[in-house]
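Secondary and tertiary structure notes
The chain contents come next:
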Protein chains: 2
Amino acid sequence: MKKDLIVFDTPPYVESCASVVGRHEHEGLLGECFDIHGDDDRFGMSTWEKAEEEMQRMALNTALAKAKLKSEDLDAIFAGDLINQCTCSAQGLLTADVPFFGIYGACSTAAEGLILASMLVDAGHFSRAAVVTSSHNCSSERQFRFPLEYGGQRTPTSQWTVTGAGAFIVSSAGGAVRITEALPGKTVDMGVCDANNMGAAMAPAAYDTLSRYFKQSGNAPDDFDMIITGDLGAEGISILSEMCAEHGMNCSGKLYDCGVHIYDIKGQDMHSGGSGCGCFASVTASYIIPRIAKGEMKSVLAMATGALMSPLSVQQGESIIGIAHLLRIDGTVK
Amino acid sequence: MKKDLIVFDTPPYVESCASVVGRHEHEGLLGECFDIHGDDDRFGMSTWEKAEEEMQRMALNTALAKAKLKSEDLDAIFAGDLINQCTCSAQGLLTADVPFFGIYGACSTAAEGLILASMLVDAGHFSRAAVVTSSHNCSSERQFRFPLEYGGQRTPTSQWTVTGAGAFIVSSAGGAVRITEALPGKTVDMGVCDANNMGAAMAPAAYDTLSRYFKQSGNAPDDFDMIITGDLGAEGISILSEMCAEHGMNCSGKLYDCGVHIYDIKGQDMHSGGSGCGCFASVTASYIIPRIAKGEMKSVLAMATGALMSPLSVQQGESIIGIAHLLRIDGTVK
């Protein structure tokens, strides 16, 4: 088997990161962790899309401020979102006068950006790059599903798009957290056509990436404090657990899905849990990386999952392609 | 001024490239150059989107075949298109079992991918990566403008989305063409809100990138056989020429816009010319790079331009953000 695993010679640091979320996310299980929250999900803007742009801007500026940096200190920005033609990223980050790389990996976009930024900082092409991604429940609902006013009913396996943005500054400058390995995802199609069950479409991609990682690295699940998935949701994480068990990969007690844990999914009636480019990004920026920085965790595998589809591709009968990009994130505290 | 110019230590080669186009493109000025053309723009498929997917698949497979490679020989694919959530790339390249990076830079996507692939091959992270982008007139028209059946009238400054796909294999293996420098684009907003005049929105971004390049490299327009722009069209290229002249940058006789030259724009009634992710990609893959490989040109600057907008962002009154990614492509023939 061909080796896709990337082991960094000079592992880049996560110099800083930050998150911005909406009301439901602030009322969820990790509510106290997020840097900034809005009470009406509008962030002072006249449209949901502009609110999402504002979240991107705030997330990047907060991450920069934490590290006492300005946007001029960045060599590049990698950014993406779920909105058609990724306009929220381009508009939201317009004030930063920095080379801009638009990326799209659905809900896996943050991990895709972190892999690209890490490879290019490791290589010395950039000394500091930002990764910013977002999603907004209201901009996504009307684009992917129904106008909010319609009050469409949701199926039990459906997920709730997180209103949130996360920003990461990847650099060679130093810090308490390093990205030491990366494994980019491959597209995986298992024929799932139900747009209300993204977890089922993404779980096989998560398994594909995870099994490639353990085979190629020689590591085992027990070598890590946590194996984080982006937003498989309750349905997807149960499929992944089953696939791991069937193939003798013992991940029990290690799997942590950002979509399941960002909300009190029963209490908040979130069905299968959270999803969206802002889910993995906000949870990783505000809960996972700070815990590694404090030394509460030594080493985690962080894998964001994406469902590559559009309303049109589903209407045309195409199946939903899954992808999962993986990073190994280690603390530098001994 | 901060230096963004990337000069490759070990400039990667364009080991192979290929293009697939539709009927109008085959009937255009460069018709004989393209590797494959379809007569009905359907490529045997039942929807325009599936036809676009098929073009991506054919372009990649043709580029691989020319270099006697299989998809397993690739370390990564960078791919993108204009269709919502970039589904044509994910679906079209599904059969290639290769790490997949989705990118989005509107019509600049091919150059964005070439920059990323070149940096990562130069760094040794990948030894061989593919870049594939596409656009299809019929899938774009109904998504961005009107259903074809409506027969909407087009304004004189509007552009015709190219039905085409281009694929490039960037590698360390050798060849007659190398990518020696790269300058990633920044987002530029000059307040243009007319979705039927993309050229005006993109020209300032092209000028921004070009002027940064000449300042940072110390080179002058006369050092190059051609300065290629992706798809400014007749309107945009005239704005860029004016901006260059005003700032004392003498590009006269050097500028070559793929959108202007892919069609006989008067004879084919193409208004301002071609556009789309497939415009720069197909012209560069089938006309520019082969000429460099043959030694007919020694050195060119190739700059793909993108208009970062969506129908929704325009309806909401947001202006159209331009971006232009630049590559320097040199022949190895002495």
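Residues numbered from 1 in each chain as written. Chains lettered and ligands numbered in written order. Predicted model: local features only at pLDDT ≥ 70, side-chain atom pairs only at ≥ 80, totals over all residues. Heavy atoms only, no water.

Digging into the overall build of chain A
The helix and strand inventory of chain A stands at 10 helices and 14 strands. In terms of C-alpha radius of gyration, chain A reaches 18 Å, essentially the compact-globule figure of 20 Å for 334 residues. Taking the principal axes of the C-alpha coordinates as reference, chain A spans close to 50 × 50 × 35 Å. Within chain A, the fraction of its 334 residues that count as buried is 68%. Restricting the contact set of chain A to residue pairs at least 6 apart, pairs at least 24 apart contribute 79%. Put simply, chain A shows about 10,900 Å² of open surface, and 49% of that area lies on carbon and sulfur atoms. Separation of charge centres in chain A, based on 24 positive and 40 negative side chains, amounts to 5 Å. (Helix = DSSP H or I, 4+ residues; strand = E, 2+ residues; numbered from the N terminus. Rg over C-alpha atoms; globule rule 2.2 N^0.38 Å. Buried < 20%, exposed > 50% of the residue type's maximum accessible area, 1.4 Å probe, protein only. Contact = heavy atoms within 4.5 Å. Areas by Shrake-Rupley, 256 points an atom, 1.4 Å probe, with all protein chains shown as cover. Lys, Arg positive; Asp, Glu negative; His and termini not counted. Charge placed at Lys NZ, Arg CZ, Asp CG, Glu CD.)

Observations regarding the interface of chain B and chain A
Taken together, the contact between chain B and chain A spans 59 residues of the former and 59 residues of the latter. When the two sides are added together, the surface that chain B and chain A hide from each other amounts to roughly 4,700 Å², 59% of it contributed by carbon and sulfur. Sorting the residues of chain B by area buried against chain A places Gln85, Phe101 and His125 of chain B first, and these three jointly supply 14% of that buried surface. Applying the counting criterion to the chain B and chain A interface returns 2 salt bridges. Close ionic contact of Lys186 of chain A with Asp97 of chain B constitutes a salt bridge, the shortest N to O distance being 3.5 Å. One can count 24 residue pairs in polar contact (both at pLDDT 80 or more) joining chain B with chain A. Of all the elements in the fold, those that place two or more residues in the side of chain B that touches chain A are α2 (48-66), α3 (87-92), β5 (100-102), α4 (109-122), α5 (137-144), α10 (311-315) and β14 (321-331) of chain B. (Buried area = accessible area lost by both parts, 1.4 Å probe. Salt bridge = Lys/Arg side-chain N within 4 Å of Asp/Glu carboxyl O. Polar contact = N/O pair within 3.5 Å; in protein donor to acceptor, adjacent residues only side chain to side chain.)

Here's the deal with the nonpolar core
Most often, soluble globular proteins keep nonpolar side chains buried together rather than apart. Leu60, Ile77 and Phe78 of chain A together with Ile77 and Phe78 of chain B are the most contacted members of the largest nonpolar core, which totals 235 residues. Among all residues touching Ile77 of chain A, those that are not within four sequence positions of it are Leu60, Leu93, Ala96, Val98, Pro99, Phe100, Phe101, Ala130 and Val132 of chain A. (Core = buried A, V, L, I, M, F, W, Y, C linked by side-chain atoms within 4.5 Å.)

Some remarks on the relation of the copies chain B and chain A
Overlay of chain B on chain A (RMSD 0.0 Å): rotation 180 degrees, translation along the axis 0.0 Å. Seen this way, the second copy is the image of the first under a two-fold rotation axis. Nearest to the rotation axis, the C-alpha of Ile103 of chain B is located 2.0 Å from it, this being the minimum over chain B. Take the interface residues of chain B: 100% of them recur as interface residues in chain A, which is what a same-surface contact looks like. (Least-squares fit on C-alpha atoms with pLDDT ≥ 70 in both.)

Digging into the pattern of salt bridges
The full count for this structure, using the stated rule, is 28 salt bridges over all chains. Residues participating in the shared-partner salt-bridge network are Asp4, Lys186, Asp208 and Arg212 of chain A together with Asp97 of chain B.

Some remarks on the layout of surface pockets
All names here are of chain B. Here the largest pocket is characterised by a volume of approximately 390 Å³. Residue lining of the largest pocket: 21 residues in total, with Glu141, Arg145, Phe146, Gly152 and Arg154 positioned closest to the centre. If you list the elements that add at least two residues to the lining of the largest pocket, you get α5 and α10. Class assignment of the residues belonging to the lining of the largest pocket gives a composition of 10 nonpolar, 8 polar and 3 charged. (1 Å grid on protein atoms, 1.4 Å probe; cavity = no way out; pocket = protein on both sides within 12 Å on 5 of 7 lines; lining within 4 Å. Points joined across faces, edges and corners; volume = space filled by probe spheres on them. Nonpolar A, V, L, I, M, F, W, Y, C, P; charged D, E, K, R; others polar.)

Brief notes about the side chain of Ser319 of chain B
Considering the arrangement of structural elements, one finds Ser319 of chain B in the loop between α10 and β14. There is a polar contact of 2.8 Å between the side chain of Ser319 of chain B and the side chain of Asp189 of chain B. The residues touching Ser319 of chain B, leaving out its near neighbours within four places in the chain, are Gln91 of chain A together with Asp189, Gly191, Val192 and Cys193 of chain B.

Some remarks on the side chain of Asp75 of chain B
As for its placement among the helices and strands, Asp75 of chain B is situated in the loop between α2 and β4 (76-81). Classification of Asp75 of chain B by relative accessible area gives buried; the value is 13%. A distance of 2.6 Å separates the side chain of Asp75 of chain B from the backbone nitrogen of Ser127 of chain B, its partner in a polar contact. Ignoring anything within four residues of it in the chain, the contact list for Asp75 of chain B reads Lys2 of chain A together with Val98, Pro99, Phe126, Ser127 and Arg128 of chain B.

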